[in-house]
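Structural description and commentary
Now for the letters of each chain:
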Amino acid sequence: FARSSARQLPPSAVGFPDQRTRVSCHPEGELGRMASEDGVEHGPVEDGASLLKADERAKSRESDLEDASDREDTWYKIGRETPVKAGCVGTIMILSIGLPTLVYLIAFSGMGYGEEVFTHTRQSNEGGWELAESFGPTSLGGFLATMVIVALVVMYLLDAEIWTDTIAVRVRRLLLVFIALMFITAVILLAAEYPYGPLCLLLIGIPILQVVIHRVIMKIDPRWLGAAFPTGFRDYLLLLPEPLILIATITLASWLGWVIEGDNEWSKERKSDYAEDLDCDDNQDCLGGFLLWISPLLCAAVLYFYAAFAFTFRPGRKQSELKILGAVMLLVILSLWVASSLAGVSEGLTAGIFFFALAALVAVGITSALLTEGGLEALLAEMKEKGEKAVSGVHPDWLRALFVLTAGPLVIAFFPISYLNQRLRKCSCLPCTKYVEKGSDEWKLRLTHEFHQRLERARQWNWTSVLRKVVWLGIAYQILVVVVSKFTVLFLAWLNTAIEDWSLGAIVGITMAVGLILFLLPPVPGAPIYVTAGILITASGRDSMGDAGAVCFAIMISLATKLIACYLQQVGIGGTIGSYVWIRQICMVNTPMIKCFRLILEEGCLTLSKVGILIGGPDWPTSVLCGILKIPLVQTQIGTLPAIILIAPCTMTGAFYYYSGEYPDEQWGTLAVIAGLIGGGVQTGSLVIATFYVDKVLRERRDEVDAIADDEEVKAADERGVALNNKREEVAHWSRLQTDDYKWMRRLLYFSAYSMIFACYVVTVLPTHCFRTFDLTDSVDEKLHGAAWSVTGDSGITKPLGNAVLVLLILSSVGLWYFKHVTDQLARAEIGKSVSPEDAESKKEPRFDKYIEEGVIDDEF
């Protein structure tokens, strides 16, 4: 399978005669047809020089093919050479994409029978199923999901992955097909409880279906597009963008027609109808109802995303699978930021963006593994070899910490499974399990040899560094998902209610003042501020300015707030604290990445790359970095003006939501959702553009980047910091924490990391059990029972489980702070011991003086 999905060379390059080339034998005087001792004649035997020439000819032909592909459009080329096959393949591709999309739209969207499907599955799950109830789960969907997990565990215990017998391989394939069907059925039955499941299933299923179709075509006719066209799956992807764009455009046009012509706008009445039909409780918005209405639009976004992904494999744009997978991982991070920014617009919109990005990562990961020669193992090996280089400046412990945070609980659950698998291997009672020789080294292991090897590699990690980074990653995630998405929106919604009856001038002043304060906080994005301005200023100014004038005025006020905030961040924060060496050191001003930012930001004209960084990047870090790098203020202010393309849709979102409350039967709710999506798309696109151009500058203008002089003060501080960091790592190394004197530190770090992992899992898996849904247009009195927050969780934005998550977040953060405090004290003490009394008295050692000046150690040392 790996060979069939690998990139294929022309036939002559792998020892097969090319159909366009005559094969001639060598003269008899040299290497003619040789006869073996038994009299059987063999084919022509080529010497080393002939093989080298053949290889050169093959490479030349391959290069010619790539050059030809660069000059010609792919579909035009194959259509000219093999028009009938091209038409057949195009039809197959359109059907393979269009039919799953059509099934999804009919079964899980408001355009079809999605409401009936959700209602039926909800009733089935609530009513339970006798067999399911007897085994534990109270719904058929939950029972099937449990059976999928059990079946996979049983296959692992029986070592199904190493079966080689023909019948056994067929049985394994049938079992996998049956498990896949059970999984799909479980996702469908649980659609009412997890409404984003079917969309994620579609996102993952489309690339897998394309792999299956490609393999079927290859078995029928390996040269289905002619002898000149390669037959690998990578080359199959070259043909996918046009069919994907076609189906996506049809889907988008159908949804717009259904909304506009069919009187299906997103309004409070429709919201209430969905909530009633789907039996949503606790006066909360129904996420399933919103996803039913918007699912065709999200489906079109999925197809457009895949078209862009497939387009990267076009000739002249080929990228490595590892680089593409890394880019999609970055897209997930950007999507998380965008989802947090749009949290106040709609809870369903935020959840849709987040799970769309997560499913995209899984789907692209699967496709990247299929594209890589050697499959998943080769991709993992390449990640191990090049991962640190691909993510410049990122320590491998950050990637290990990310793995522990996301997959750590699954690894713990795998221990008993591996133990049972090893016991089955030892007893030799089942012929299908791996044979382990009695008395061998593998026999002595309690866990399987494969799992034991992975654990041994993990034991070599410095777990002190890994667990600390686990907590830091968890804090960053909780800030985005909880602090920004929940409490910032809660404060702005309260502000809407508190000042809605004030005069226009007072509202403008309060809005700008609050906006500036929030802009000065690093984790707070700008989108909720713009939406709030759209709600308040539009409501207050419509009588004196008219509807259009009030919206335009709100956009101008939002832009002015953004420009003033950028000025304060750049001059007041970046320009002031930029004089401190340790601030510039934290910002890594001497790294190629930051030097690349400097090159782009110092460009005199208004370039796309410059605009992408200034309007797409996080507000606080971008402006402060401009101040630290001493970018001219005029350039940054002019470069920030195009931010109006982001500010306008966000502000209009707030204005449209206000109008949807005033005119619930009109199209304002629909326009608000569309404007919010446009705002999120603009922000994501700006970030992608910025990332693209930074990578381009690093590749094409590397000499200019390297020519930028280093900050000597920062360089000297970095050199001193290396020694200090090494000492910190030494005093807190995991091996040292194993001793009795420091075991309390090890337990403290365990507690902090475990608490953070549990909190992140609960927030991600059970979000509706932690927090109540709340948007910027909601009222605290009506939606949260009159209280913004309560200790018991009976009212307010948090539920009891959400309060528990907040407690764990605080305890974990405090534990990490205290661990760092103790570690710093130990490191300072070790540095003090390493300095001789003579140097301490004379203070002639420059490095020691620097430690004192920067406050790393105290004078008594």
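Residues numbered from 1 in each chain as written. Predicted model: local features only at pLDDT ≥ 70, side-chain atom pairs only at ≥ 80, totals over all residues. Heavy atoms only, no water.

1. Observations concerning the overall build of the protein chain
A count of helical and extended segments in the protein chain gives 37 helices and zero strands. In the protein chain, the share of contacts with a sequence separation of at least 24, taken over all contacts with a separation of at least 6, comes to 74%. A total accessible area of about 42900 Å² is found for the protein chain, and carbon and sulfur atoms account for 63% of it. (Helix = DSSP H or I, 4+ residues; strand = E, 2+ residues; numbered from the N terminus. Contact = heavy atoms within 4.5 Å. Areas by Shrake-Rupley, 256 points an atom, 1.4 Å probe, with all protein chains shown as cover.)

2. Structural notes on the packing of aromatic side chains
Considering all chains together, one arrives at 15 aromatic pairs under this definition. Ring centres of Trp744 and Tyr818 lie 6.2 Å apart, and the angle between their planes is 50°; this geometry places the pair in the tilted category. Of the two residues, Trp744 is situated in helix α32 (residues 743–765) and Tyr818 in helix α35 (residues 800–834); the sequence distance between them amounts to 74 residues. Residue Tyr818 is classed as partly exposed on the basis of its relative accessible area of 38%. Members of the aromatic cluster, joined through ring pairs, are Tyr156, Phe414, Phe415 and Phe451. A cation sits over an aromatic face here: Lys426 above Trp443, 5.9 Å from the ring centre. In this structure, Lys469 is placed above the aromatic ring of Trp398, and the distance from its NZ or CZ to the ring centre is 5.3 Å. (Phe/Tyr/Trp six-rings, centres within 6.5 Å; stacked < 30°, edge-to-face > 60°. Buried < 20%, exposed > 50% of the residue type's maximum accessible area, 1.4 Å probe, protein only. Lys NZ or Arg CZ within 6 Å of the ring centre and 35° of its normal.)

3. Brief notes about α32
Taking 1.5 Å per residue, 23 residues should reach 33 Å; α32 reaches 33 Å between its end C-alpha atoms and fits that length. Three or more residues of α32 are buried, namely Met745, Arg746, Leu749, Ser752, Ala753, Ser755, Met756, Ile757, Ala759, Cys760, Val762 and Val763. (Expected span 1.5 Å × (residues − 1).)

4. Considerations on the confidence of the model for the protein chain
Mean pLDDT over the protein chain stands at 74; residues scoring 70 or higher make up 72%. Segment residues 1–72 is flagged for pLDDT under 50; beyond a separation of four residues in sequence, or across chains, it makes 65 contacts in the model. Per-residue pLDDT stays below 50 along residues 128–136; that stretch engages in 13 contacts with residues further than four places along the chain or on separate chains. (pLDDT = per-residue confidence, 0-100.)

5. A closer look at a positive patch on the surface
Together, Arg170, Arg173, Arg215 and Lys219 line one region of the surface with positive charge. Put simply, the parts of the chain that give the positive patch at least two residues each are α8 (166–189) and α9 (197–220). Tracing the backbone through its elements, the reader meets Lys219 in helix α9. Lys219 gets classed as exposed once you look at its relative accessible area, which sits at 69%. (Patch = residues over 30% accessible without salt bridge, like charges linked within 9 Å, V, L, I, M, F, W, Y side chains within 5 Å. Salt bridge = Lys/Arg side-chain N within 4 Å of Asp/Glu carboxyl O. Lys, Arg positive; Asp, Glu negative; His and termini not counted. Charge placed at Lys NZ, Arg CZ, Asp CG, Glu CD.)

6. Description of the environment of Ala160
You can see Ala160 is positioned in the loop between α7 (140–157) and α8. The contacts of Ala160, once residues within four sequence positions are left out, are Met155 and Arg172.

7. As for unusual backbone geometry
Comment: phi is negative for the bulk of residues other than glycine, and the bulk of peptide bonds are trans. In this structure, Asp159 takes a positive phi of about 55° despite not being glycine. Secondary-structure assignment places Asp159 in the loop between α7 and α8. Overall, Asp159 belongs to the buried group, its relative accessible area being 0%.

8. So, the nonpolar core
Core analysis: the largest hydrophobic core is formed by 57 residues, its most contacted members being Leu240, Trp293, Ile294 and Tyr306. Where this core is concerned, the elements lending two or more residues are α4 (83–108), α9, α10 (233–237), α11 (241–261), α13 (287–311), α21 (527–577), α27 (644–662) and α28 (668–700). For this core, the element with the highest residue contribution is α13, accounting for 15 residues. Setting aside residues up to four positions removed in sequence, Trp293 forms contacts with Trp255, Trp258, Val259, Asn264, Glu265, Trp266, Arg270, Tyr274, Thr670 and Val673. Ile757, Ala759, Val805 and Leu808 belong to the second-largest nonpolar core, a separate cluster that totals 36 residues. (Core = buried A, V, L, I, M, F, W, Y, C linked by side-chain atoms within 4.5 Å.)

9. A closer look at helix α20 (residues 504–519)
In a regular helix each residue adds 1.5 Å, so 16 residues correspond to 22 Å; α20 covers 22 Å between its end C-alpha atoms and thus fits that length. Of all the positions in α20, only Ile507, Val508, Thr511, Met512, Val514, Gly515, Leu516, Leu518 and Phe519 are classed as buried. In this structure, the buried residues of α20 make contact with α19 (463–499), α21 and α25 (619–628).

10. Here's the deal with the packing of α7 against α8
At a minimum axis distance of 8 Å, the contact between α7 and α8 shows a crossing angle of 155°. Comparing their axes, α8 and α7 come out roughly antiparallel. Crossing hand, α7 versus α8: left-handed. Listed contacts from α8 to Leu140, Gly141, Leu144, Ala145, Met147, Val148, Ala151, Leu152 and Met155 of α7 are Arg172, Leu175, Leu176, Ile179, Met182, Phe183, Thr185, Ala186 and Leu189. Partitioning the contact of α7 with α8 into residue classes produces 15 nonpolar, two polar and one charged. (Axes fitted to C-alpha atoms, helices over the stretch in contact; angles between N-to-C directions. Parallel < 35°, antiparallel > 145°, perpendicular 65-115°, else oblique. Left-handed = near helix turned anticlockwise from the far one by under 90°. Nonpolar A, V, L, I, M, F, W, Y, C, P; charged D, E, K, R; others polar.)

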